[in-house]
Amino acid sequence: MRILAVGTAGDVGKAGVAELKPRHEIITAGRSSGDVRVELLDASSISAMFEKLGKLDAVVACAGHAHYGPLAGMTETQFMKGLKDKLMGQVNLALAAREVLRPGGSITRTSGTASTEPVLGGAGMSLVNGALES
């Protein structure tokens, strides 16, 4: 299979690539590293990447950032960071991927453990991860 993995600089992305690479052709993508560059906050960047890559069998999203900090002082802007970056970045990637997936292709979005194993200061990430899992 020809698989695009986005966000492979982090732990989840590295582990995913290590698991898939022995059996599949993996193309890595990220904001500042990978075989191709993509900015998930920019729909035109996502479209340009897919236009360059052509047909794919699968897309795996391991990308996104959210604010970490005490809920008591968190602002709407800080919450929005995760909603725009991690949540909508992966949503926009999935929407654009529909155009390049071969029949039977798949889109996998990853979140992390923060929605089920919250940590102090992780309310923003918990919210975003829960949305991705839904």
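These figures come from a predicted structure and were not determined experimentally. (Residues numbered from 1 in each chain as written. Predicted model: local features only at pLDDT ≥ 70, side-chain atom pairs only at ≥ 80, totals over all residues. Heavy atoms only, no water.)

Asks: If you had to explain the overall build of the chain to someone new, which residues and values would you point to?
Replies: A count of helical and extended segments in the chain gives 4 helices and 5 strands. Relative to the globule expectation of 14 Å for 134 residues, the C-alpha radius of gyration of the chain, 15 Å, shows essentially globular dimensions. Relative to its 134 residues, the chain shows a buried fraction of 43%. Considering only residue pairs separated by 6 or more positions, the chain has 57% of its internal contacts joining residues 24 or more positions apart. Working note: accessible area of the chain is about 7,300 Å², and carbon and sulfur atoms make up 56% of it. Counting 14 positive and 13 negative side-chain charges, the chain places the averaged centre of each group 3 Å from the other. (Helix = DSSP H or I, 4+ residues; strand = E, 2+ residues; numbered from the N terminus. Rg over C-alpha atoms; globule rule 2.2 N^0.38 Å. Buried < 20%, exposed > 50% of the residue type's maximum accessible area, 1.4 Å probe, protein only. Contact = heavy atoms within 4.5 Å. Areas by Shrake-Rupley, 256 points an atom, 1.4 Å probe, with all protein chains shown as cover. Lys, Arg positive; Asp, Glu negative; His and termini not counted. Charge placed at Lys NZ, Arg CZ, Asp CG, Glu CD.)

Asks: An account of the packing of helix H2 (residues 43–53) against helix H3 (residues 76–97) is needed here, citing residue identities and associated values.
Replies: Where H2 meets H3, the axes come as close as 10 Å, and the angle between the chain directions of the two elements is 40 degrees. Judged by the angle between their axes, H2 and H3 are oblique. Read as a crossing pair, H2 and H3 show a hand that is right-handed. Here Ile 46, Met 49 and Phe 50 of H2 come into contact with H3, specifically with Asn 92, Leu 93, Ala 96 and Ala 97. Counted by class, the contact of H2 with H3 contains 6 nonpolar, 1 polar and no charged residues. (Axes fitted to C-alpha atoms, helices over the stretch in contact; angles between N-to-C directions. Parallel < 35°, antiparallel > 145°, perpendicular 65-115°, else oblique. Left-handed = near helix turned anticlockwise from the far one by under 90°. Nonpolar A, V, L, I, M, F, W, Y, C, P; charged D, E, K, R; others polar.)

Asks: Hey, could you go over the pairing of strand S1 (residues 2–6) for me, with residue numbers and the actual values?
Replies: Within S1, 5 of the 5 residues are buried, which leaves the element mostly enclosed by the surrounding structure. Both faces of S1 are covered, namely the face carrying Arg 2, Leu 4 and Val 6 and the face carrying Ile 3 and Ala 5. When S1 meets strand S2 (residues 25–30), the two strands line up parallel, connected through 5 bridges. Along S2, the bridge assignment pairs Arg 2 with Glu 25. In this fold, S1 hands off to helix H1 (residues 11–20), which returns the chain to S2; that crossover is right-handed. Where S1 lies against strand S4 (residues 56–61), 4 bridges are found, and the strand directions are parallel. Residue pairing in the sheet places Leu 4 in a bridge with Val 59 of S4. (Pairing = 2+ DSSP bridges. Right-handed = clockwise from strand over helix to strand, strands pointing away.)

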